[in-house]
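# Results of the structural survey
As a plain string of letters, each chain reads:
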Amino acid sequence: MTMMLSGAAVAQTEAPKTTDAPAAEPVAVIVTGQRAALQSAQKIKQNSDEIVDSIVAEDMGKLPDRSVTEVLQRVVGVTIDRTMSKGDPEHFSVEGSGVSIRGLSYVRSELNGRDSFSANGGRSLNFEDVPPELVAGVDIYKNPSAEQVEGAVGGLVNLRTAMPFDYKGFKASVSADRTWSELKRGKTSPSASGLVSNRWKTDAGEFGALLDLAYSESGTRTDAFQVEPYYPLKDANGNKVFVPKGAQWRTLEFNRKREGAYGALQWKKDEWASSLTYFKSKYQMQWDEQAIFAQSSPYNIRVSPDATFGSNGQLLTGTLTDSTGAGINFGDDTRTSNRKSDTTDVSWNLRWRRNSWTVSTDLQYIKAKTNNLDSTVATGIQMPKEKLDLTGNVPRIIFDDADRAYLANPNNYYWAFTQEHLDRSKADEKAWKTDVKYDFDNPVLRDVRFGVRLTDREAVTTNSNPSYHWAAITQPWQGEISGLAYLGDPRFAGNVNLHTFDNFFNGGVSVPSVVFPNVSLAQGFPGTYTELHKYYEILCKEKGTSNCAAWTPATFGTDPAGTNRQKEKTKALYGQLRFGWDNLKYPVDGNVGLRYVKTDSTAFGYTVFNSTAPTGTLTGVPIPSIAPFSKSQDYDNSYHNVLPSLNLRLKASDTLQFRFAAASALSRPDFSQLQAYTTLSQSADTTTINGVTTVNSVSHTGSGDGNPMLRPTTSKQVDLTMEWYFAPTGSFTAAIFNKRLKDVVVKQVYNYQLPDTTGRMQDFTVTGPINGARGHARGIELAYQQYFDQLPGAWSGLGLQANFTFVDSERKLYNSVYSKYCTGGNNAANLNLNLNGCDTDGTTFGNLPLEGLSRQSANVALLYDKGPISARLAYNWRSKSLQAVNVNGTNGSDGTDTNPASPTYGQTNVAWALPTWSDAYGQLDAAFFYKFSDKIQLGLEAQNLTDATYKQLMQQNIGMMGRAWFKTGRRVVAKLSYDF
């Protein structure tokens, strides 16, 4: 199958016979380009032992999309996320980010059948980091066999690179392209790649060598509108209505650079063959954002008497003001984030074949690292009013001349806050495996395979602590300062610029210019932060406050709370039998196997205990005596899993076949979920009467940043498929699947024991990740592709490719935490808030699906291949999906307590967190290539042809309300390639 990746597929056809002429000789029709790639991918799917979907590059450096992530979204059952981070969905990812298969994010990644990962606290690759120019093909396995490495409940993504022996001899090619971004006013970004490969026959055997290099830049821009969550307020007539505290806009400039280097050596002689590969992927990105956002108290907001409202009381149109008369308080920040990461893979394979035996041994070393700085500097402004119209597809924020002049005047701004985040990760793995195959000379038994695999992996992630360290410079609520640090004061002036938001929303909307801090202030952390926070000290001392504390940065690399170090070793054994009954009316073949894997892990961590319980002479409930401590503490965890699998195929004809697959699978917890930093606390409820203190109750609680004793999430899964291959590049396939999940990781509570001074163990209720839920993902997949060769003339080059996926999911907690009313603060212990979500009116949502899962997704592509022309018009769509609960921008601590039994009924003191959803989204892309000769080809590619707007939703009791609208504009790529 690998040999099909590099060259053209050859199809044999016969010329029609006539009565007055001899039969024509068979004519070889050379199929090239896009059609050849689809034909090769179809053959892989048809002949595979497992259920697999493939994408094959037309030639090296020519996958059908601009990133591996975008390539994957074309496959039936696969969807991608469009935000940079699940915990911060306010930032759009133009090339896509996380990958889900059949609605599940438990995805393993491989490079040429070996482990591959990024150093990000997870277990898989950031696929957007990998240069697609180095990839010859992508295989997506939906149901495993015993010989495949464990760890993929959702699915396995294997990236394949070319090898020297894939080519008959010398092969060389170069390509270069230029990408134009519409929102960036025509600014372009370059990319280039080149490959050279050859093979030689010598007395010492045949040798091959291949070198592939890739370099790519991308510059994009994203503009966005946002509406704040809706709060229960009163209109001008005293009626209950729901009103956001404001609406806002932002723009983000994103620049990334990808570099890749891949080399391969091959040798074979007689019974021996060997290969050595080196793969290096480097990724660097930088984005700078200017954003303005409402930060007033929502309960100070007033709506104008002419405001209009929807059927559920939600604001449609109206003007907002602040009841205090100070204006609606907005923050406007400049934020910069940069990340550098690279992954290096060195692998060696040796294979021996004699008679019926094949023995292969494989060594791999993989090393990954990444580091990031995310820095924000903000000013603030108190706007006199904000007029909104929320009735259209995109919110309208209406400004008069006075509004625009006010926003453009630097004297109306004050220095507001800073926020920094730093992280650094590194991970490495050494892996060894040996596989043995024995081929039977038997009408039923094909071969038996067995093998062993050992891995040793270590990962260290360091985060700043607090992870995102927000610190006020001057804020209206700070009573210890004499005033705000306004830019109109010469002591605090300068270091700002007027951002004009040119071509905002692709020229479709006009928004006012805003004064923002210079980017250099955000990039200058920590020195610039120190200078800015001196403004607070000046105003604090000016008022005569005695305690004017200086700013201190978040700790980084020195605090155990910010360090997560993990070691993991695995041992795996498998056996697999392949069989087949070819003489049956309907031949059946397949494989059955068993994989056993043992996992031993160590989490190097820290435990902190403190007590606020009183001491001395006490009565009532005794307080266990535990001395406060802070110490390093390591945790060993060990578990084993037995994973059976069965894959069957029935051939109803040469073109129609059916498959049945059943297997057990596992997905280990991410290393970020295994962090061993635990804080334990002891407190007591007491009553003191006449100097006598009585202890009513003692509480032992705690919080875990992770849980080093987590087990893997497991799945029992079944697939049934029908596959009809009616032409070399024509097929219709259908699949029904059911994955039953067990031990899904959720944040809940678990028991932790600590000895008191007498040696008696005391139970602590710790909030953290546990294996606390079960669930399922079940559905159908339909896929069709065909070229219409029967059409006349040039029309015979037309083709169509389409697929559709439906997934139904459920997550059910082992121990329900649902509560009708919301209580408590926004912390890890508030399980109802974090798992079910709470509205601003103090009521709970619940009944939420699995995160990241769209019930429906689809692809439709119109293809054309004829002569020198190859073209594609492709549309990708997915229905709405839950992104997360309790994420930045849609949470807070000022929800209304609506519980009639609560002592604080009616107060605005409970935490709230809205479920944030991605709305249904579709994007149209296109490509056109023209071959001037066998050697030179020119192409144009276009992304987001219809200039689609990506919309986010926030779930509230008044409905699915619009949260954010992102516009990225069109991108066009001109590409020239040459084959030597």
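Shown above is the structure to which this text applies.
Let me begin by describing the structure that accompanies this report. For clarity, every value in this text was computed on a predicted model and none was experimentally measured. (Residues numbered from 1 in each chain as written. Predicted model: local features only at pLDDT ≥ 70, side-chain atom pairs only at ≥ 80, totals over all residues. Heavy atoms only, no water.)

The next subject is the overall build of the protein. The helix and strand inventory of the protein stands at six helices and 50 strands. Since a compact globule built from 980 residues should have a radius of gyration of about 30 Å, the 31 Å found for the protein is in line with a globular shape. A principal-axis box enclosing the C-alpha atoms of the protein has dimensions of 110 × 75 × 55 Å. Out of the 980 residues in the protein, the part that is buried amounts to 56%. (Helix = DSSP H or I, 4+ residues; strand = E, 2+ residues; numbered from the N terminus. Rg over C-alpha atoms; globule rule 2.2 N^0.38 Å. Buried < 20%, exposed > 50% of the residue type's maximum accessible area, 1.4 Å probe, protein only.)

On to the environment of Lys631. Tracing the backbone shows Lys631 in strand E32 (residues 629–651). Under the relative-accessibility criterion, Lys631 is labelled partly exposed at 42%. For the pair formed by Lys631 and Gly605, sequence separation is 26 residues and the distance between their alpha carbons is 8.8 Å. Ignoring anything within four residues of it in the chain, the contact list for Lys631 reads Tyr606 and Thr607. (Contact = heavy atoms within 4.5 Å.)

Between its first and last C-alpha, helix H5 (residues 527–543) extends 26 Å over 17 residues, near the 24 Å set by a 1.5 Å rise per residue. Taken together, the buried positions of H5 are Thr528, Tyr529, Leu532, His533, Tyr535, Tyr536, Glu537, Leu539 and Cys540. On its buried face, H5 is in contact with strand E21 (357–383), strand E24 (413–439), strand E26 (469–472) and helix H4 (519–523). (Expected span 1.5 Å × (residues − 1).)

Before going further, it helps to spend a moment on the pattern of salt bridges. The full count for this structure, using the stated rule, is 60 salt bridges. Among the salt bridges present, the one from Lys171 reaches Asp979, with a minimum N-O distance of 3.9 Å. One end of the pair, Lys171, is in strand E10 (residues 171–181); the other, Asp979, is in strand E50 (residues 971–979), and 808 residues separate them in sequence. Exposure remark for Asp979: the relative accessible area of 19% places this residue in the buried category. Between Arg855 and Asp808 there is a salt bridge, with its nearest N and O atoms 3.1 Å apart. You can see Arg855 sitting in the loop between helix H6 (831–836) and strand E40 (856–866) and its partner Asp808 sitting in strand E39 (residues 798–813), a full 47 residues away along the chain. Judged by relative accessible area, Arg855 falls into the partly exposed class, the value being 42%. (Salt bridge = Lys/Arg side-chain N within 4 Å of Asp/Glu carboxyl O.)

So, on to the state of the cysteines. One pass over the structure, following the stated rule, counts two disulfides. Disulfide partner of Cys540: Cys548, at an S-S distance of 2.1 Å. Here Cys540 and Cys548 share a disulfide; its torsion about the S-S bond, -80 degrees, makes the bridge left-handed. An identical accessibility class is assigned to Cys540 and Cys548; each is buried. What pairs with Cys822 in a disulfide is Cys838, and their sulfur atoms sit 2.3 Å apart. Disulfide Cys822-Cys838: the torsion about the S-S bond is -110 degrees, which places it as left-handed. Remark: Cys838 occurs in the loop between H6 and E40 and Cys822 occurs in the loop between E39 and H6; sequence separation between them is 16 residues. Taking only the cysteines that form disulfides and numbering them from first to last, the protein has the pattern 1-2, 3-4. (Disulfide = S-S within 2.5 Å.)

The next subject is a nonpolar patch on the surface. On the surface, Leu265, Leu276, Tyr278, Val346, Trp348, Leu363, Tyr365, Trp432 and Leu454 cluster together into a nonpolar patch covering about 750 Å² of accessible area. Elements that contribute at least two residues to the nonpolar patch include exactly strand E16 (272–294), strand E20 (328–354) and E21. Inspection of the secondary structure assignment puts Tyr278 in strand E16. In this structure Tyr278 comes out as partly exposed when scored by relative accessible area, which is 37%. (Patch = residues over 30% accessible without salt bridge, like charges linked within 9 Å, V, L, I, M, F, W, Y side chains within 5 Å. Areas by Shrake-Rupley, 256 points an atom, 1.4 Å probe, with all protein chains shown as cover.)

Okay, unusual backbone geometry next. Put simply, Asn465 and Pro466 share a cis peptide bond, and its omega is 0 degrees. Position of Pro466 among the secondary structure elements: in the loop between strand E25 (445–463) and E26. Positive phi values are uncommon outside glycine, yet Asn495 reaches one of about 65 degrees. As for its placement among the helices and strands, Asn495 is situated in the loop between E26 and strand E27 (496–499).

Relative to E39, strand E38 (residues 761–787) is paired through 15 bridges, and the arrangement is antiparallel. Each residue of the ladder has a partner; that of Gln785, found in E39, is Gln801. (Pairing = 2+ DSSP bridges.)

This brings us to the environment of Ser97. Its location among the elements puts Ser97 in the loop between strand E4 (78–80) and strand E5 (99–101). In this structure the C-alpha to C-alpha distance between Ser97 and Glu128, which are 31 residues apart in sequence, comes to 6.4 Å. Not counting chain neighbours up to four residues away, the residues in contact with Ser97 comprise Thr69, Asp81, Arg82, Thr83 and Glu128. Here Thr83 takes part through its backbone oxygen, which lies 2.5 Å from a polar atom of the side chain of Ser97. (Polar contact = N/O pair within 3.5 Å; in protein donor to acceptor, adjacent residues only side chain to side chain.)

Moving on to a positive patch on the surface. Together, Lys257, Lys282, Lys340, Lys367, Lys369, Arg424 and Lys426 line one region of the surface with positive charge. The set of elements that each furnish at least two residues to the positive patch consists of E21 and E24. Note that Lys257 resides in strand E15 (residues 247–269). (Lys, Arg positive; Asp, Glu negative; His and termini not counted. Charge placed at Lys NZ, Arg CZ, Asp CG, Glu CD.)

What follows covers the sheet that holds strand E7 (residues 114–115). Here five strands make up an open sheet; going across it, the order is E3-E8-E9-E6-E7 and the pairing mixed. Because the sheet does not close on itself, it has two edges, and the strands there are strand E3 (51–56) and E7. As paired elements, strand E8 (residues 137–143) and strand E9 (residues 155–160) share five bridges and run antiparallel to each other. Residue Gly137 lies in a different strand from E9, and its bridge partner there is Arg160. Contacts from helix H1 (residues 33–47) reach E3, E8 and E9, with the element oriented near 165 degrees to E3. (Axes fitted to C-alpha atoms, helices over the stretch in contact; angles between N-to-C directions.)

Counting through the fold element by element, Gln657 comes out in strand E33 (residues 656–667). A residue is classified by how much of its surface remains accessible, and Gln657, at 5% relative accessible area, is buried. Among the polar contacts listed, one links the side chain of Gln657 to the backbone oxygen of Gln46, at a separation of 3.1 Å. Side-chain polar atoms of Gln657 contact the side chain of Glu723, separated by 2.7 Å. Discounting chain neighbours no more than four positions away, the residues touching Gln657 are Gln46, Arg649, Leu650, Lys651, Ala652, Thr721, Met722, Glu723 and Tyr725.

The next point concerns H1. In a regular helix each residue adds 1.5 Å, so 15 residues correspond to 21 Å; H1 covers 22 Å between its end C-alpha atoms and thus fits that length. If you check which residues of H1 are buried, you get Gln34, Arg35, Ala36, Ala37, Leu38, Gln39, Ser40, Ala41, Gln42, Ile44, Lys45 and Gln46.

Now for the nonpolar core. In terms of nonpolar packing, the biggest core is built from 68 residues, with Phe225, Tyr230, Val243, Trp249, Leu320, Leu407 and Trp415 touching the most fellow members. Counting residues per element, this core draws most heavily on H5, at six residues. Formed by 32 residues, the second largest nonpolar core is a distinct cluster that contains Leu134, Val138, Ile140 and Val157. (Core = buried A, V, L, I, M, F, W, Y, C linked by side-chain atoms within 4.5 Å.)

It is worth spelling out the packing of aromatic side chains at this point. This model, assessed by the stated rule, comprises 31 aromatic pairs. Arranged with centres 5.9 Å apart and planes meeting at 25 degrees, the rings of Phe92 and Phe966 form a pair that is stacked. With Phe92 in the loop between E4 and E5 and Phe966 in strand E49 (residues 959–967), this residue pair connects regions lying 874 residues apart in the sequence. Side by side, Phe92 and Phe966 carry an identical accessibility label, which is buried. Measuring from ring centre to ring centre gives 5.7 Å for Tyr414 and Tyr486, while their planes differ by 70 degrees; the resulting arrangement is edge-to-face. (Phe/Tyr/Trp six-rings, centres within 6.5 Å; stacked < 30°, edge-to-face > 60°.)

With that out of the way, let us pick up the environment of Ser193. Take Ser193: it is sitting in strand E11 (residues 188–202). Discounting residues that sit within four places of it in the chain, Ser193 has contacts with Glu133, Ser173, Val174, Ser175, Leu213 and Ala214. Here the side chain of Ser193 touches Ser175 through a polar contact of 2.8 Å, side chain to side chain.

Pairing of E16 with E20, which is carried by 23 bridges, proceeds in the antiparallel orientation. Opposite Glu289, over in E20, you have Arg335 as the bridge partner. Across 27 bridges, the pairing between E20 and E21 is antiparallel. Bridge pairing links Trp352 to Val359 in E21. Between the end of E20 and the start of E21, which pair antiparallel, lie two residues, with Asn355 showing a positive phi angle near 55 degrees.

These figures come from the coordinates and say nothing about function on their own.
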